[in-house]
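So the chains spell out like this:
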Amino acid sequence: SFSKNTLKGVQLALKQAKENGINIQLETKNNSGSPGKAVQNMNDLVKDRSIMAVLGEVSSAMSLTIAPIAQQAQIPMVTPTSTLILLPSPPPLIIR
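Residues numbered from 1 in each chain as written. Predicted model: local features only at pLDDT ≥ 70, side-chain atom pairs only at ≥ 80, totals over all residues. Heavy atoms only, no water.

## Here we look at the nonpolar core
Here is a general trend for soluble globular proteins: nonpolar side chains tend to be buried in one another's company. Judged by nonpolar contacts, the single largest core of 13 residues is most densely connected at Met42, Val54, Ile66, Ala70, Met77 and Ile94. Within the residue set of this core, elements represented by two or more residues are helix 2 (35–47) and helix 3 (60–73). For this core, the leading source of residues is helix 3, giving five residues. (Core = buried A, V, L, I, M, F, W, Y, C linked by side-chain atoms within 4.5 Å. Buried < 20%, exposed > 50% of the residue type's maximum accessible area, 1.4 Å probe, protein only. Helix = DSSP H or I, 4+ residues; strand = E, 2+ residues; numbered from the N terminus.)

The following block contains the structure:
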């Protein structure tokens, strides 16, 4: 699936970063396509002081659901595959 391929790409990038002396820990969450679960996952992530950024959502609809949480918590969110332009404006912490 699309999210699995995205995860494989992220894992490859993290492996390459580690080979260059940059160690980044990855924590994954699965919302199973549920907006409620996506909100719960994002709320859990922003409460964790060790989380520096969020990579995801893969869908525009889910990105719109969780972007305000990331924005309010001042945690950068990169959504590598969302195409919808209606993300929070101005989106200094939400990158599409």
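## Let's talk about the layout of surface pockets
Estimates place the volume of the largest pocket at around 1,100 Å³. The element contributing the most residues to the lining of the largest pocket is helix 1 (residues 2–19), with six residues. Of the residues that constitute the lining of the largest pocket, the class distribution is 17 nonpolar, 11 polar and four charged. (1 Å grid on protein atoms, 1.4 Å probe; cavity = no way out; pocket = protein on both sides within 12 Å on 5 of 7 lines; lining within 4 Å. Points joined across faces, edges and corners; volume = space filled by probe spheres on them. Nonpolar A, V, L, I, M, F, W, Y, C, P; charged D, E, K, R; others polar.)

## Overview of a nonpolar patch on the surface
On the surface, a nonpolar cluster with roughly 230 Å² of combined accessible area is contributed by Leu55, Val78 and Ile95. Relative to the helices and strands, Val78 is located in strand 2 (residues 77–78). (Patch = residues over 30% accessible without salt bridge, like charges linked within 9 Å, V, L, I, M, F, W, Y side chains within 5 Å. Areas by Shrake-Rupley, 256 points an atom, 1.4 Å probe, with all protein chains shown as cover. Salt bridge = Lys/Arg side-chain N within 4 Å of Asp/Glu carboxyl O.)

## Looking at helix 2
Over its 13 residues, helix 2 runs 18 Å from end to end, which matches the ideal 18 Å to within 8%, given 1.5 Å per residue. Residues of helix 2 that are buried make contact with strand 1 (54–55), helix 3 and strand 2. (Expected span 1.5 Å × (residues − 1). Contact = heavy atoms within 4.5 Å.)

## What about the sheet that holds strand 1?
A sheet is described by the order of its strands in space; here three strands give the open sequence 1-2-3, paired in parallel fashion. The open sheet terminates on both sides in strands that have one partner only, identified here as strand 1 and strand 3 (94–95). Bridging between strand 2 and strand 3 involves two bridges; their strand directions are parallel. Bridging across to strand 3, Met77 finds its partner in Ile94. (Pairing = 2+ DSSP bridges.)

## Here's the deal with the side chain of Asn31
Looking at the element boundaries, Asn31 is found in the loop between helix 1 and helix 2. Given a relative accessible area of 9%, Asn31 falls into the buried group. A distance of 2.7 Å separates a polar side-chain atom of Asn31 from the backbone nitrogen of Gly33. A polar contact is formed between the side chain of Asn31 and the side chain of Glu57, at a distance of 2.4 Å. Residues within four places of Asn31 in sequence aside, it is in contact with Lys37, Ala38, Asn41, Glu57 and Met62. (Polar contact = N/O pair within 3.5 Å; in protein donor to acceptor, adjacent residues only side chain to side chain.)

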